[in-house]
2 protein chains.
Amino acid sequence: MDPKEVHTGAIFDPKQSPHVYHLALDIGGSLAKLVYFTKDDDHFIDGEEGTSHRKALEKSNGSKKYPVLNGRLNFKKFETSKINDCLEFIKSMKLHFGGSQLQENPRSHPIAIKATGGGAYKYADIFKERLGIILDKEDEMDCLVAGANFLLEVVHQEAFTYMGDQKQFVEIDQNDLYPYLLVNIGSGVGMIKVEGEGKFERVSGTSIGGGTFWGLGKLLTKCKSFDELLELSYRGNNRTVDMLVGDIYGGMDYSKIGLSSTTIASSFGKAISDNKEREDYKPEDIARSLLRMISNNIGQISYLNALRFGLKRIFFGGFFIRRHPFTMDTLSVAVNFWSKGEAKAMFLRHEGFLGAVGAFMSSDKHGVKELLVNQVVQRTPSKLSFVTDKIQGQQEGEFNGDESIECSVYAA
Amino acid sequence: MDPKEVHTGAIFDPKQSPHVYHLALDIGGSLAKLVYFTKDDDHFIDGEEGTSHRKALEKSNGSKKYPVLNGRLNFKKFETSKINDCLEFIKSMKLHFGGSQLQENPRSHPIAIKATGGGAYKYADIFKERLGIILDKEDEMDCLVAGANFLLEVVHQEAFTYMGDQKQFVEIDQNDLYPYLLVNIGSGVGMIKVEGEGKFERVSGTSIGGGTFWGLGKLLTKCKSFDELLELSYRGNNRTVDMLVGDIYGGMDYSKIGLSSTTIASSFGKAISDNKEREDYKPEDIARSLLRMISNNIGQISYLNALRFGLKRIFFGGFFIRRHPFTMDTLSVAVNFWSKGEAKAMFLRHEGFLGAVGAFMSSDKHGVKELLVNQVVQRTPSKLSFVTDKIQGQQEGEFNGDESIECSVYAA
């Protein structure tokens, strides 16, 4: 498709709308993720109004005024099975028209939106029919990696460790970021060795992921949603369901090989008991056992792959985690246990939006860039830089992962 | 315990019994395994009666007659939850008295039987109270490895590969056996790097094992036994339950990273569907999905560990497999897939009895050896060698894993 023939979602008409919308999608097996940019009113940097961060950037660029958009990256998710809700949201927010009222009557050219994930293929027709949108497909892995790199390089307090109820933000030295293992836990799990911008390889994965947790959980409990199942697992005790080393060894450790009596020998191994039915087990115990089984397994396979390629850092992303303390703790403990403290599990604040952010970034080519071109007619930017000042919303420990990110778009 | 003060199960009184029994136990989380030796009538080799194999051995030893026991190693298993059945069997067969009638009234000395597995600790009291047996505990890993080494070194047609419905026996060159990875799939899974006799290290494991298959299977189906669940999985189609790559990609492959449309993206990922309840899924489909999920995962983690330590051969043992073609095939395919054909999955005919055979072997010290000493008064054997001629029972392709092994015990 010739990009000249289509409008991107980022078309900006300063006469019409106080906000610029720019949209990208990541439609996975379970969840559809949206990232869109909303512009603040100030289109051009003003030395007096800018934050200190912006000033610093100006300074480093010789205090010249640069064309800039100040605004926010916004995050939103829908269940893929409820793709209609997603379509409605886009329609109601007019995201596909860049938020502009005037563009509501589609011109003869179709509108192209960057999209990734399997759903970009599966739901291409429905987006075309219902919204007149052409999903401009970007490779899933490309987007995941681009999104993770962007967030890790640019966003303050994006990465953190979590163990024993302790969250700790990690300052990432951009010169020491690569190589790392990116583990994206969606319905399934992908493991990617990332060595730099656009330099990566999918090295492993497992089918035991978020879809397994929710799928098995749905079959075994009466939970109506993934979040309800997660919530349930908080209150559960897996020891009623799992066979522990101590259950086999009559309460003793198997200390010779370093297995304590509380180590899980067999997930769900206690459910083989003859005189019990499913109804005899508490759903919260089942939920917790499931969560431990899956988190543990992902942590173990991740570590084995990190080891294989000599990667010290493992970043976990994807919507399975959902900032769930127990999930993060189990992943961390697994990585710590199997690596004997050598490797560290880290998490991303915008864990679920890596692919969507990557798709968003990929539209720089004729999205945000064009937007700037439209504004600053005389200037064609060769490179865009996003500067994010801070994450909006809650304080440490209370973020929920879809906080908008305040950011400025510079043309350098 | 001073071995002089106890009788082993192998006490042999040629005046009393036509058969010698010698017993060892491996009591795991789900199954209790028994190995016992039964003696044929001919105590001394006779050049005319011996098989060609025996003759060959005699010849290599200079055609001298050696003291020898001809007989069989027998294999038997019970569910650990039905440990009473196991006790009854031992009692009825008088295995703990070496099969001798006269010894039925226990002397003042207790009888010691070699035993391994967690149940050797857990059920020690019950064996003492009910049968007057002291379980002489041997380390589980020691026994597993000793058992595997013995079977691989000594027993003809013990190891085989299985892929695409093709079973192929593997001739193991004893000089090229080590190092290998031994993966024992019981309720949980242990992975051991074996470098030689008594030279090994437990390097990994996973809690997603046979207990998980049976535990989850029991919660999700109405199956009454592990074997029934396995049987069910034969007829199932996992595609109704698992989310395939094609389900996410609208029927397409994700060929860029080598995932075909039929690759499982998320085990049980299709069960998240809103408008279906557990009753809407066929139990056979659930069983098959479970089996694939668990076999695949074990194959993957095994391969990653084999890779880590540069081990080309992976031997799978333990009762999870049960010579189930589909299980073996999935394990083989997983190892083949992840290793890109570099590593090979192999199976052991007596897969479930590795620990029990190892415990049996450990009693050589004052078991079978004493037995020979009793017979050949003037001679103290310094080394025993088992020679197995063939596996009794079914032809190739029909064995069921608990065939007795015809063997001769030589004192060299």
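Shown above is the structure to which this text applies.
Along each chain, residues carry numbers from 1 onward, in the same order as the chain's sequence is written. Think of it this way: whatever chain is written first is A, whatever ligand is written first is 1, and the rest follow in order. Reporting in this predicted model follows two pLDDT cut-offs: at least 70 for local features of residues, and 80 or more for side-chain atom pairs to be given and counted; totals over whole chains, interfaces and linings ignore these cut-offs and use all residues. The side-chain values count all of the structure's non-hydrogen atoms but skip hydrogen atoms and water molecules.

Brief notes about the packing of helix 6 (residues 210-220) of chain B against helix 9 (residues 283-308) of chain B
All names here are of chain B. All axes are obtained by fitting lines to C-alpha atoms, using only the stretch in contact for helices, and the reported angles, taken between N-to-C directions, cover 0 to 180 degrees. Strands are runs of DSSP state E lasting at least two residues, helices are runs of H or I lasting at least four, and both sets are numbered from the N terminus onward. Viewed as axis vectors pointing N to C, helix 6 and helix 9 meet at an angle of 160°, and their least axial separation amounts to 10 Å. By the angle between their axes, helix 6 is roughly antiparallel relative to helix 9. Relative to helix 9, helix 6 is oriented so that their crossing is right-handed. Taken together, the residues of helix 9 that come into contact with helix 6 (itself represented by Thr212, Phe213, Leu216, Gly217 and Leu220) are Ile286, Ala287, Leu290, Leu291 and Ile294. In this count, Pro and Cys sit with the nonpolar residues alongside Ala, Val, Leu, Ile, Met, Phe, Trp and Tyr, while Asp, Glu, Lys and Arg are called charged and the others, Gly among them, polar. Its residues placed into classes, the contact of helix 6 with helix 9 shows eight nonpolar, two polar and no charged. These descriptions rest on fixed angle ranges, namely under 35 degrees for roughly parallel, over 145 for roughly antiparallel, 65 to 115 for roughly perpendicular, and the rest for oblique. Left-handed is the label given to a crossing in which the near helix is rotated counterclockwise from the far helix by less than a right angle, and right-handed is the label when the rotation is clockwise. Working rule for contacts: check all heavy atoms of both residues, and any pair within 4.5 Å makes them a contact.

A few points about the interface of chain B and chain A
One widely used convention gives an interface's size as the accessible area the parts lose upon coming together. Contacts between chain B and chain A engage 65 residues on the former and 66 residues on the latter. Buried area is understood as the total, over both parts, of accessible area removed when two parts are fitted together, assessed with a 1.4 Å probe. Summed over both sides, the interface between chain B and chain A buries roughly 5,200 Å², with carbon and sulfur atoms accounting for 60% of that surface. The largest contributions to the chain B side of the interface with chain A come from Leu219(B), Ile272(B) and Leu304(B), which together make up 12% of the buried area. By convention in these notes, a salt bridge is any Lys or Arg side-chain nitrogen within 4 Å of a carboxyl oxygen on Asp or Glu. Counting across the chain B and chain A interface gives zero salt bridges. Definition of a polar contact: a pair of N or O atoms within 3.5 Å, with one able to donate and the other able to accept a hydrogen when the atoms are protein atoms, and with sequence-neighbouring residues admitted only if both atoms are side-chain atoms. The tally of links between chain B and chain A comes to 17 residue pairs in polar contact (both at pLDDT 80 or more).

Regarding the nonpolar core
Of all hydrophobic cores here, the largest spans 108 residues; its most connected members are Phe316(A) and Phe316(B). With residues near it in sequence (within four places) discarded, Phe316(A) still touches Val183(A), Ile185(A), Ile298(A), Ser302(A), Ile321(A), Leu331(A), Val335(A), Ala345(A), Met346(A), Phe347(A) and Leu348(A). Grouping buried Ala, Val, Leu, Ile, Met, Phe, Trp, Tyr and Cys residues that are joined through side-chain atoms within 4.5 Å yields what is termed a nonpolar core. Any residue under 20% of the maximum accessible area for its type is buried, any over 50% is exposed, and the rest in between are partly exposed; the area is computed with a 1.4 Å probe on protein chains only. Membership of the second largest hydrophobic core comes to 35 residues, among which are Phe75(A), Leu144(A), Leu151(A) and Tyr180(A).

A short note on the pattern of salt bridges
Overall, the coordinates contain 22 salt bridges over all chains when judged by the stated rule. Its salt-bridge partner being Lys33(A), residue Asp26(A) comes within 4.0 Å of it at the nearest N-O pair. In this structure Lys33(A) comes out as buried when scored by relative accessible area, which is 9%. Of the charged contacts in the structure, one is a salt bridge between Glu88(B) and Arg130(B), with a shortest N-O distance of 3.8 Å.

Considering the state of the cysteines
Residue and element names in this part refer to chain B. Whenever a pair of cysteine sulfur atoms sits within 2.5 Å, that pair is classed as a disulfide. A full pass over the atoms with the stated rule returns zero disulfides over all chains. Just so you know, Cys86 is unpaired, no disulfide at all, and the nearest cysteine sulfur is the one on Cys143, 16 Å from it. By relative accessible area, which is 0% here, Cys86 ends up buried.

A few points about the sheet that holds strand 7 (residues 159-163) of chain B
Residue and element names in this part refer to chain B. Here the rule is simple: two strands pair whenever DSSP picks up at least two bridges between them. Across the sheet, which stays open at both edges, the seven strands sit in the order 8-7-15-14-9-10-11 with mixed pairing between neighbours. Across the chains shown, the open sheet's two edge strands, defined by having one partner strand only, are strand 8 (166-169) and strand 11 (199-206). Strand-to-strand twist across the sheet, computed as the mean angle between neighbouring axes with direction ignored, equals 30°. Strand contacts of helix 10 (residues 325-338): strand 7, strand 9 (180-185), strand 14 (313-317) and strand 15 (344-348), with the helix running at about 85° to strand 7, the strand carrying the most contacts.

Description of the packing of aromatic side chains
When two rings of Phe, Tyr or Trp (its six-membered ring) have centres within 6.5 Å they constitute a pair, described as stacked for plane angles under 30 degrees, edge-to-face for angles over 60, and tilted for the intermediate range. With the rule as written, the count across this model stands at 25 aromatic pairs over all chains. Their ring planes at 25° and their centres at 5.7 Å tell us that Phe316(A) and Phe347(A) sit as a pair that is stacked. Linking Phe316(A) in strand 14 (residues 313-317) with Phe347(A) in strand 15 (residues 344-348), this pair joins segments that are 31 residues apart in sequence. Judged by its relative accessible area of 0%, Phe316(A) falls in the buried class. Taking the relative accessible area as the measure of exposure, Phe347(A) reaches 0% and is therefore buried. With a centroid separation of 5.5 Å and an interplanar angle of 75°, the aromatic rings of Phe213(B) and Phe226(B) are classed as edge-to-face. Taken together, the residues span a long stretch of sequence, with Phe213(B) in helix 6 and Phe226(B) in helix 7 (residues 226-235) at a distance of 13 residues. A relative accessible area of 0% places Phe213(B) in the buried class. One aromatic cluster in this structure is built from Phe160(A), Phe169(A), Phe316(A) and Phe347(A). Criterion for a charge above a ring: Arg CZ or Lys NZ at most 6 Å from the ring centre, at most 35 degrees from the ring normal. Sitting over the ring of Tyr121(A), Lys137(A) keeps its end group 5.8 Å from the ring centre. The aromatic ring of Phe326(A) is capped on one face by Arg288(A), whose charged end is 3.7 Å from the ring centroid.

Points about a nonpolar patch on the surface
Two distance rules govern patches: like charges are joined within 9 Å, and nonpolar side chains (Val, Leu, Ile, Met, Phe, Trp, Tyr) within 5 Å, applied only to residues with over 30% relative accessible area and no salt bridge. Accessibility throughout is a Shrake-Rupley quantity obtained with a 1.4 Å probe, and a residue counts as covered only by protein chains that appear here. A cluster of nonpolar side chains, Met163(A), Val333(A) and Phe337(A), forms an exposed patch at the surface whose accessible area comes to about 260 Å². Mapped onto the elements of the fold, Val333(A) is located in helix 10 (residues 325-338).

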